[in-house]
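Each chain, written out:
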Amino acid sequence: MIAFSMLCSVSFAASSAKANLKKEYCSNQTYYTETGENDGGRYPHLHCDTKFLTYSSGSTHYNFVIGNTLQSGTAGSACFKAEEQDAPNLKAKIAEVCDDFGKACYGC
């Protein structure tokens, strides 16, 4: 019974995460910087929409959620890049998305 409850919790978290990515992970902002600001001109940042999440490092974009699909390899690459750019809050945000989708993203 406990295992079933845990499975339901994980399923619920994944489905609620997919409902509105922008609201769930980016404080309902189009852009989400390391300090949580809505500033698309400051890099790195997350570019957020209801149906996609992208880590923008400056010249490179990592589209790690598209629709209801998490690209775990791309998310892992985004985590490595966030670490390289000294953006621990953005790396943690990407790791949170991976956890909510029930996947391990190498690098997060």
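Residues numbered from 1 in each chain as written. Predicted model: local features only at pLDDT ≥ 70, side-chain atom pairs only at ≥ 80, totals over all residues. Heavy atoms only, no water.

Enquirer: Please clarify how the pairing of strand E3 (residues 52–56) should be interpreted in this entry.
Expert: Burial within E3 is extensive, with four of its five residues counted as buried. One ladder, built from four bridges, connects strand E2 (residues 45–48) with E3; its direction is antiparallel. Across the sheet, the residue bridging to His-47 is Thr-54, located in E3. In this structure, the hairpin formed by E2 and E3 is closed by a connection of three residues. In the sheet, E3 pairs with strand E4 (residues 61–66) via five bridges, with the strands oriented antiparallel. Considered in E4, the bridge of Thr-54 is made with Asn-63. Hairpin connection from E3 to E4: four residues lie between these consecutive antiparallel strands, with Gly-58 at a positive phi of about 135 degrees. (Buried < 20%, exposed > 50% of the residue type's maximum accessible area, 1.4 Å probe, protein only. Helix = DSSP H or I, 4+ residues; strand = E, 2+ residues; numbered from the N terminus. Pairing = 2+ DSSP bridges.)

Enquirer: Explain the side chain of Ser-57 to me, please; I cannot follow it from the model alone.
Expert: Here Ser-57 lies in the loop between E3 and E4. Excluding anything up to four places from it in sequence, Ser-57 contacts Tyr-43, Pro-44, Tyr-62, Lys-81 and Gln-85. (Contact = heavy atoms within 4.5 Å.)

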